[in-house]
Structures are given as C-alpha cells and as structure tokens.
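Chains, contacts and geometry: an overview
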Amino acid sequence: MIYNRLKLIVDLDLTAFHFVFRWKLNGTAITPKSGSHYSLSGGNLRISHLNKDQDAGTYQCLASNSFGTIVSREASLTFAYLGNFKTHRRNSVSVREGQGVVLLCGPPSHSGDLTFSWIFNEYPSFVKQDTRRFISQETGNLYIAKVEPSDVGNYTCVVTNTVTKTRVQGPPTPLVLRSDGIMGEYEPKIEVQFPEIVHVAKGLTVKLECFALGNPVPSINWSRVDGIPFSRKVDVRKASGVLEIPYFQQEDAGTYECVAENSRGKNTVKGKLSFYAPPHLIEKPEDVQKPIDDSLVWECKATGKPKPSYRWMKNGENLESLEGLSLSLSLSISRLTLSDIGMYQCVAGNKHGEVYSNAELRVIAVAPDFSQNQLRSPTMVKEGGDVLIECRPKMSPWGVISWRKGSEALRESHRVSILDNGNLRIQNSTRPDAGLYTCVARNQFGVASSSGTLMVKEPTIITTAPSTLDVTVGESIVLPCQVTHDPSLKLVFTWFFNEQLIHFGNHGGYFEKVGGQHSAGDIMIRNIQLRHAGKYTCAVQTKVDSISIAADLVVRGPPGPPTSIHVEEISDTTASLSWRPGPDNHSPITTYTIQARTPFSLGWQAVTTVPEVVGGHSLTATVIDLSPWVEYEFRVLASNAIGTGEPSKPSKQARTKETSPKVTPANVSGGGGSRSELVITWEPVPEELQNGGGFGYVVAFRPSGATGWMQAAVPSSEASKYVFKNESIQPFSPFQVKVGVYNNEGEGPFGPVITIYSAEEEPGRAPTRIRAKSLSASEIEVSWKALPWNTSKRRVLGYEVSQKREKEEAASVQRTVGNQTSAIIRGVRGSNTYYVTVRAYNTAGAGPPSVTVNVTTKKPPPSQPPVKVMWNTLNSKIILNWEQVKALENESEVTGYKVLYKRNRHSRPSVMETNTTTVELSLPMNEEYFIQIKPFGEGGEGSSSRQITIPRIPGPNAIGSATKVSTLSALSTIALSFTARTSL
C-alpha cells in the first residue's frame, strides 16, 4: 500500500540558531530540489507521493551551523500492508466427537501487526473463546480442545491489519464429524505454547499464550517457577489461555510455567521472560568554553540492558583515538587547540537502540582584557590587617602577571607577595602601604593593566571590658558596648543571645537599644526573666574589620519546681514524702511547702507537716492530719530569698488507710409518713469523712420515757432515711432518736439524741359555713369556719380549696397555711358557674370535704380599649380626652377609667381613677411621660389603650412661648395620633 505523504520531524537538542539541515536515507544524502517529492519545512523532511520501494529505509538528520554539525538518532520508515488470501478451496477437516482439532489460518503476506478472529458459518456469527475454544493472536489458528456436535460447520479466518485498519477473509474450512465412533478420554496435549526465551523491553506489555487439546477439556494454570506470586497488575485469563503482564519491569523477568490438566493427566510448558532496556543517558556532556592549551574531559554514562557501548562523534563524523585524544565512557583532550572547536556527540547504544547527547566545545584565544574585571577601588584594610587585591583579567592562554605601586615595579617581601593566580597579598598592613596599585597582564596576544587605590584605616577597638553580670528576676539592666574607631568609617552594632541574633522590637519588648552615642551600642533588658540568663555578644562591624565582646548574664530568681515526688509510706492520717530539688536559680533554697489535693477539695490546699517548717536542705517530710481512706495527690514548692517558685508535678495518687468512722450524720430529723410509721431522716456523711469501705448507718430509737433502744442497720453510705412501721405506734407519738455510723473497720459514735414524732392521722372533720362570692370576672373569694386548733392526734396545718366547672373532671386546688379562714381564687373565667369545696389537711393528708357551694362569676370587663385619645397642654397642665367605651352584651358595664402614667419605661406607674372621659394632670415640667388608659367595671379592668408619649413641657424660663403654644392648642384643640408603645 502506498501513502501519499509523510513528514519526518527532527528531534535534536539544538543549542544555537541558524542551523542548516540535511537528511540521509540508508547513508546516502537526500537532495531536495524542485520537482522532487522530498522537501524541507524548517528542519523537518516532508515526503510526498510515498513509494514503498524507493522510500522505505533508515533516515537520519544532520544539523550544521558555524560551530559544527550534529546528527539525529536514526528513524526507520516501513510500509504496512495486508495482501489477500489465496482463493483456492480448502479441504474439509474430519474429526471424531470428543477429539481435539486445529484449524489453520495461514495469513497472507503483510507488514504491520495483525489481529485474528473466526466466523462460524456466516457473518456476523463469530467464534467466542472459552475454555474449549482458543484463537492464537500469534498464528491466527483456531484450536478446539474437544469437538462437540454443535461445532460442525464452516469456519472462516478474518485477518485485520492494526495499522491500515484493512480486513481480509480467508476461504471457509468445513468441519465435519466422522461416523466411526466417539473419541475416548486422553491426557492434555499442549498445542499453543510460548518460546523458550522471550525478550521484553522495559515498560511494554507482554502476552503469553498456552492452550491444550484433551478430553475432558483441560484447565490452564499459570505460575512462576521461582514460586514468587504474581503481582496485582498481572492479568491471568484462564478462559482464553493468555497471561498478560503490563508495564514490564526487571522484577517481572523469570521463568513462567503453563500447566494443562484434566482427569487423564497433565502436561507443562516453560519459557523464560528476559528483561531488556534500550539505553538511557544518566550523565551527559555539557557545552563548555575553554582557553587554548587547556585540557578537556567529558563524561558520558547510560543505563540499559545489555550494557551499552559508546562512541563519540565530532561534527557528524565518528572520532577515533589519536595522540592527545582518548575515547571510552569519557572523551579526553589533553591540550586544546583551535582545531578542536566543534559540535560533539556521545552515542550510547545496545542492540535495542541508541541515544544521542550533544555538546559544543569552544576554544578561546584572546589578549588580556580588564573590561569586565577592573581592580576594585578603593580597597580598604585596617592597620595591622591582611588584604588581598584581586587581579582577574580575561586572557587565553594564561600569561604573566606583574604589579606596580605608583610608577615603580612592586618588589615582593615577607609581607608582600604575588600569588600564582596573580592576586596581590599584603600582610600586617601599615600606613605607608596605602597608595595606587596597578596589575599588568601579558600573553602572546598582547598586554593590559588595571589600577586601584589601597586605603589603610585605624582599627576598631572595644573599650568595654568583658564581664559577668548578676541580676534578679524583674529587674532591668544595661549591657554596655563602647568602641574607638576610624572616624571615617560607619559602625554597625549587632547583638546575639546564646549565639542567636536579637531582633529588637520582638522578644516581647524586653530588649531595647539605648546607646545614644555614635561609638556606643548599649542595650537594656527590661523586666528580666529567668530565660534571659546566658551569653550576650556585641558584634561591631565596619567596612574593614569586625570584632566582638561577650558578657555572661546570671539571673537570680525563685527556685524551679522540685522533681521526682514520691509517697514513700502512707497510713490512715499520715504520708511520708520524698523529692529531689529543682534548680535554685542562683539563690539557695530556704524552705519547702507541701500541698495536697483530693477529689473533694477545692484545688490545692496547704497541709500540716512534720517538721512544721521544712528547711531547704530537707528532701523528705511527713504530712499529718489527713483524712482516712481518701485518695491524695501531693506537690512540693520551693522558696528562696527571692520568692516561691512553680510547683512540682503532682505525685501519683495514693489512698490513706481505712479506720473506723468518727463523724456522725448532721441534721437528723423526721416525722410525717403514713399511719403507724416513724420516719427518721438525716444528711449522709460525705465520702471523704467515711474513713473506709462498707460504710453504713445505725439508727437507734425508743418511745419517750422508755429505757431500752431499738436499733436498725442501714448498709448504704448514700442512705438518708429510715422508716420504722409498727401497728402499735400511736399517731403523733414522741420518740427519742439517734443515728450512728460504721464501716469495715468497726463502729463509730452515735450522734446526739433528738425527739421525733410518729406519723399523724389526717383531720377527721370538714370545715363548715362555706361561703363563695364573685369579686370580678376572674376572682372568687371563698370563706369558711375553721376547725378547732389544738395539738391532738389530728392537727390542722391548713386548708385546701378546690374549684371546678360543672363538666370539668379535675378540680384546681390551692392551699392555705395555718388558721386562715378565707382565700381568693384567681384566674377563673367570667360568666361561668364554679363548684367549691374546702377541707383541712396535715402531714398525713387531707380530711373529708365540706359541702359544695356554687358561685357564678361576673361578666368579663370591656374588651375594647379607649380610642381617639387626644391631649393638649395649658399652663403646665395636660388635658386628656378619649371616646366613651361601650361594653358588649356579654361584658360588664363600664363604671370608670384608670389613667396610668410614669416618667420612664421601667418605673412603676401612678394611677388616677375617673368616671368621665376626660382628665386633667398637673405634672412636673421638663419630664417625658408615658400614659395608658384602662376602662373598668364590676368584671375587673378592661383592655388598655395604646401607650402614648407626652414630650417634655418647657420650664419656667420658656413659659412665655409655652403659654402661647398652649393657648393656640387650647383654642384650636389639635388632636395628635401616637404610635403603639410597650404596654405599661
């Protein structure tokens, strides 16, 4: 197949412009010219009207410019095509049922990769691959492991070229069954197998094929002979007999085994996957510019498998080893000449490919030139110091350097020397060394010079003596740094703390520069803390020298926290402690303080110790007066003459030992309960005072006047109540009671004896003379005759008043206390009938109810608020008017109005009542007022008007204008409307 056009693209690392490009085909130069089917586009070669016979081959590009020539890597041009099958008829293939068969494809002539498929009988019925049928993508053959009657038919091989996308079909091959019997079972016979050695390039995908004929149909299994399991990327297609390994790497190399097995036996085939990699450059030459007569070494290294070999090219031609030129992994030229100028290439290759690396060599031969590197002027040095004056002319080859001072040649001495590189060194400089110095450079191409001035300056000297300073936490101190120096030079002061630069303005504002003079760099440290102790360095720098001085700062402060706090021994009330001292921060420790904490304490508390005062040299103490059976943590604080330091870390928790309890319950009382009960209550003893586990209470009681005690144990530390029930207990009988404590260690004391009364009986009679009347639509007043008040067995502590409407199931109840004989029920509804009963109560409950009385509440108050409220002022008075409120049919008549007024929103209002719709208020001047108006009647107070605001009335000093305005208001009666405000 012939293609119309092809474009070969140059892939070169071009480091300069203006290249001329040439191409070679199979080593012969191509000359693009008018009428030729070759043309150049930039450096790319364009081939029109491609011809398979003329244009197939190996192409290489050559790029040249004024510096030399380089060549590209080779490119191979091949032509993909696919011929046609021979048209002759294929013979039938005759097999027994159960026998295996191979149908040959025999692809036609071609170039390029092919894929294969088979048509069964007619298109588009393609053969599907499974454990019984397999199509090899290497040969195109169709394999049927065990023929079945359904396999009978015509089979056609279809070949596709993956490059040209063309497809051809072969002649059909008939498959028929023989009639002389069925094939018996036999062991697998591997018909499709991979080569003994397969070479695979790095990063490619490799596919191995393995398929066997047999009866029963064999299974195909894959493994590595070395036993290494397959990685997750490996795809094993058991159904189609293909092992696929993508992204092939060195670790995938090895021997692979295919096992075909059925019930009659098994067969195996093995093959080795060999890893190879084309060359890859890891070190390559770079462009270089060298002076004439210098030497050159270029290194070139590449990875690859097999190991690459190397060759070197100059200007597109291979180099051979000559005198002064050696070639291997490196290219070495011992003495460069102008003829060595050019473009060089390192070519690393193995049988799988080649890689090229390009580099340019320039050889420089020039006369001395100082235009780019003049002598520095002025050069300054301190008196007594050393100085180096650099002389760096550009010249090739390197020549001879000489120096002059002024107009005279410079003579070398023990202090003055000219170095091999041409630089001038002067040691222990003196004032006479100052002056004009000239460097003269010569080679065979010419001579040049450059001059510069040397200035000798007075050295900088720090006049502050090194010292050690001693301060206390919280104090401030000045660290001095004063110098003498050459007045023509600028000083720069820099401070370091423990060799770290101090950034003034940071560090919390502790550091501040205070050196006001030009020759002083003093700093102040304010409110010194322990962390400021250390080494302070003042560094002074000028253009010619730098010096420094250090001072040690000792900061005294409260001691650091003690460490290693241990509870050595613990009893029920004492604990022996030990610890290690923390840093004393340059002031001896004088005393230690011990603190303790429990789950019941409010933070840390100081404790009593033996000795009472723990001296600074003591590292042990005994804590006393602890509570038994309580978990304690301890910490220690150290003190010195400066103060008390931070506390230590807490010790591990330690529990004091158990002992019998010592504290009895508080607030023992009782009474109440049900009939024949004696109820005794108390406040439980707190856990920290129980002194041990198994804590409980012992309740002792007896009737007043009796001699023996009855006792009961209450085995719960949280219990707060005990009830003794006995039918013989008379109501409201006095008992003597005391409550004691106990725990696992024994019994503790009893508390004081108190008197408690047994449960009483509820009142036995009902109140009489019950009266009820409606006070308003929402209030009812109830009264009754009280029962006789005495201290008998049936006391009266108060009365319960119950009320409900006729159809309500639950009644509302309110209680009175003491001998009260009336109550007001609030919150009832207007125009409703309520049924009321009263009964007495005490701690035992309520007695029998009284007779029921009923009462009907008054009509509700008016629901409409006053409207059209108007006001005006006259002679410091406020006159209010509003419209009469008319009650609805189901509301009580309006009998009057309440005017509520106040000076601010949060004060209590004053109230004025009137039975008219106008009112006159005499209010103080210069005050703002808030006013509301409510109607009322026998049903109570109605709805309030909107709140109105009366602005300030002018004072006496403005009374003329106020009167005038008031007169106008009085004559014209201006009505004002107001916005709603918050209700009074």
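Residues numbered from 1 in each chain as written. Predicted model: local features only at pLDDT ≥ 70, side-chain atom pairs only at ≥ 80, totals over all residues. Heavy atoms only, no water.

1. Comments concerning the overall build of the protein chain
Selection rule: A run of H or I in DSSP counts as a helix once it spans at least four residues, and a run of E counts as a strand once it spans at least two, with each numbered from the N terminus. For a compact globule the rule gives 2.2 Å times the number of residues to the power 0.38, and the radius of gyration it is set against comes from C-alpha atoms. Exposed residues in this analysis have more than 50% of their type's maximum accessible area, buried residues have under 20%, and partly exposed residues fall in between, with area computed by a 1.4 Å probe over protein chains only. A contact between two residues is defined here by any heavy atoms of the two lying within 4.5 Å. Residue-level accessible areas treat just the shown protein chains as cover; the underlying method is Shrake-Rupley with a 1.4 Å probe. Note that His is not counted, nor are the chain ends; the positive residues are Lys and Arg, and the negative ones are Asp and Glu. Taken as the charge centre is NZ of Lys, CZ of Arg, CG of Asp or CD of Glu, depending on the residue.
When helices and strands are tallied, the protein chain shows two helices and 89 strands. Relative to the globule expectation of 30 Å for 984 residues, the C-alpha radius of gyration of the protein chain, 59 Å, shows a markedly less compact shape. Taken over the C-alpha atoms alone, the protein chain extends approximately 140 × 125 × 95 Å along its principal axes. Looking at the protein chain as a whole, 41% of its 984 residues qualify as buried. Sequence separation of 24 or more characterises 65% of the internal contacts of the protein chain that already satisfy a separation of 6 or more. Roughly 52900 Å² of accessible area belongs to the protein chain as shown, and the carbon and sulfur atoms make up 49% of that amount. Positive and negative charge centroids in the protein chain, built from 103 and 91 side chains respectively, lie 7 Å apart.

2. Overview of the pattern of salt bridges
Keep this limit in mind: In the sections that follow, a salt bridge refers to a side-chain nitrogen of Lys or Arg positioned within 4 Å of a carboxyl oxygen of Asp or Glu.
The full count for this structure, using the stated rule, is 28 salt bridges. When the shortest N-O distance is used, the salt bridge between R362 and E360 registers 2.5 Å. On the accessibility criterion, R362 (33% relative accessible area) is partly exposed. When its relative accessible area of 6% is taken as the criterion, E360 is described as buried. Notably, a salt bridge pairs R826 with E779, separated by 3.2 Å at the nearest N-O pair. Remark: E779 occurs in strand β75 (residues 779-785) and R826 occurs in strand β78 (residues 822-826); sequence separation between them is 47 residues. A relative accessible area of 56% places R826 in the exposed class. Classification of E779 as partly exposed rests on a relative accessible area of 23%. Because the salt bridges share partners, they merge into one network encompassing R96, R178 and D180.

3. Looking at empty space enclosed by the protein
Quick reminder of the rule: Residues are called lining when one of their atoms sits within 4 Å of a cavity or pocket point, these points coming from a 1 Å grid over the protein atoms alone, where a cavity is a set in which a 1.4 Å probe fits but cannot get out and a pocket is an open set with protein on both sides within 12 Å along at least five of seven lines. Grid points are joined across faces, edges and corners, and a volume is the space filled by probe spheres set on the points. Residues are grouped as follows: Ala, Val, Leu, Ile, Met, Phe, Trp, Tyr, Cys and Pro are nonpolar; Asp, Glu, Lys and Arg are charged; every other residue, Gly included, is polar.
Taken as a whole and assessed by the stated rule, the structure comprises one cavity of 30 Å³ or more. The wall of the largest cavity is formed by T464, A465, P466, S467, L479, P480, W495, Y536, C538, I549, A550 and A551. Residue assignment for the lining of the largest cavity shows that the elements contributing at least two residues are β55 (534-541) and β56 (546-556). Here the element with the most residues in the lining of the largest cavity is β56; it accounts for three residues. Residue classes in the lining of the largest cavity are distributed as 10 nonpolar, two polar and no charged.

4. A few points about the layout of surface pockets
The space that makes up the largest pocket amounts to roughly 790 Å³. Along the wall of the largest pocket there are 35 residues; nearest its centre are L114, Q137, E138, K207 and E209. For the lining of the largest pocket, a count of residues per class yields 17 nonpolar, 12 polar and six charged.

5. Observations concerning the UniProt feature "domain: Fibronectin type-III" (unreviewed entry) in the protein chain
Put simply, the rule reads: UniProt positions are given in the numbering used here, feature names are shortened, and annotations may be inferred rather than shown by experiment.
UniProt records the feature "domain: Fibronectin type-III" (unreviewed entry) for residues 561-659, 664-761, 766-860 and 861-956 in the present numbering. Strand forms 47% of residues 561-659 and helix 0%; the C-alpha atoms that close the span are 34 Å apart. As annotated, residues 664-761 has a helix share of 0% and a strand share of 50%, and its two end C-alpha atoms lie 32 Å apart.

6. Digging into the nonpolar core
Generally speaking, a soluble globular protein has its nonpolar side chains buried in company with each other. Convention followed: Nonpolar core, defined: a set of buried Ala, Val, Leu, Ile, Met, Phe, Trp, Tyr and Cys residues in which side-chain atoms within 4.5 Å join the residues together.
Core analysis: the largest hydrophobic core is formed by 22 residues, its most contacted members being W495, I525, Y536, V540 and L553. Breaking this core down by element, the ones donating at least two residues are β49 (477-479), β51 (492-497), β54 (523-525), β55 and β56. Apart from residues lying up to four places away in sequence, L553 is in contact with L469, V471, I477, I525, I528, H532, A533, G534 and Y536. Residues I220, Y256, C258 and V269 belong to the second largest nonpolar core, which totals 21 residues.

7. Examining the sheet that holds β54
Rules: Two strands are counted as paired when DSSP detects at least two bridges linking them. To obtain an axis, a line is fitted to C-alpha atoms, over the contacting stretch when the element is a helix, and the angle between two such axes runs from 0 to 180 degrees between their N-to-C directions.
As summarised here, the arrangement of the three strands in space is β49-β54-β53, forming an open sheet in which the pairing is antiparallel. The sheet terminates laterally at β49 and β53 (511-513), the two strands that pair on one side only. Sheet twist, expressed as the mean angle between neighbouring strand axes with direction ignored, is 30°.

8. Notes on the UniProt feature "domain: Ig-like" (unreviewed entry) in the protein chain
Mapped onto this numbering, the UniProt entry gives "domain: Ig-like" (unreviewed entry) at residues 21-78, 83-169, 188-274, 279-362, 368-455 and 459-548. Span residues 83-169 is 0% helix and 40% strand, its end C-alpha atoms 11 Å apart. The span residues 368-455 is 0% helix and 51% strand, and its two end C-alpha atoms sit 27 Å from each other.

9. Observations regarding the environment of S776
Structurally, S776 is set in the loop between β74 (768-774) and β75. Along the chain, S776 and P628 lie 148 residues apart, while their C-alpha atoms are 67 Å from each other. Residues contacting S776, with those up to four places away along its chain left out, are T857, K858, E938, G939 and G940.

10. Notes on the packing of aromatic side chains
The cut-off we apply is this: Classification of ring pairs uses Phe, Tyr and Trp, with its six-membered ring standing for Trp, and accepts pairs whose centres are within 6.5 Å; under 30 degrees between planes counts as stacked, over 60 as edge-to-face, and the remaining range as tilted.
Under the criterion given, the structure shown has 19 aromatic pairs. Relative to W222, the ring of F194 lies with its centre 5.7 Å away and its plane at 25°, an arrangement referred to as stacked. Taken together, the residues F194 in the loop between β19 (186-192) and β20 (197-201) and W222 in strand β23 (residues 219-224) connect sequence positions 28 residues apart. On the basis of relative accessible area, F194 is assigned to the buried category, the value being 7%.

11. A closer look at the sheet that holds β75
As summarised here, the arrangement of the three strands in space is β74-β75-β78, forming an open sheet in which the pairing is antiparallel. For this open sheet the edge positions go to β74 and β78, each flanked by a neighbour on one side alone. Recorded for the sheet is a direction-independent mean angle of 20° between the axes of neighbouring strands. Note: β74 against β75, five bridges, orientation antiparallel. In the sheet register, R771 faces β75, and the bridge partner there is S783.

12. Topic: the confidence of the model for the protein chain
We apply this condition: The predictor rates its confidence in each residue with pLDDT, a number between 0 and 100.
Summing up the model confidence of the protein chain, the mean pLDDT is 87 and the portion of residues at 70 or higher is 93%. Across residues 1-5, where pLDDT falls below 50, the model places 23 contacts with residues more than four positions away in sequence or in other chains. Confidence drops under pLDDT 50 across residues 956-984; counting only partners more than four residues distant or on other chains, this segment forms 37 contacts.

13. Remarks on the state of the cysteines
The cut-off we apply is this: The term disulfide is used for any two cysteine sulfur atoms that are within 2.5 Å.
Within the structure shown, the criterion is met by five disulfides. Disulfide pairing places C481 opposite C538 at an S-S distance of 2.0 Å. Between C481 and C538 the disulfide shows an S-S torsion of about -80°. By sign, it is left-handed. Of this pair, C481 sits in the loop between β49 and β50 (483-484) while C538 is found in strand β55, placing the two residues 57 residues apart along the sequence. In this pair, the class of C481 matches that of C538, namely buried. Taken in sequence order, the bonded cysteines of the protein chain link in the pattern 1-2, 3-4, 5-6, 7-8, 9-10.

14. Things to note about the environment of G271
Mapped onto the elements of the fold, G271 is located in strand β27 (residues 265-283). Given the relative accessible area of 5%, G271 is considered buried. Beyond its immediate chain neighbours, meaning those up to four positions away, G271 contacts F194, P195, E196, G254, T255 and Y256.

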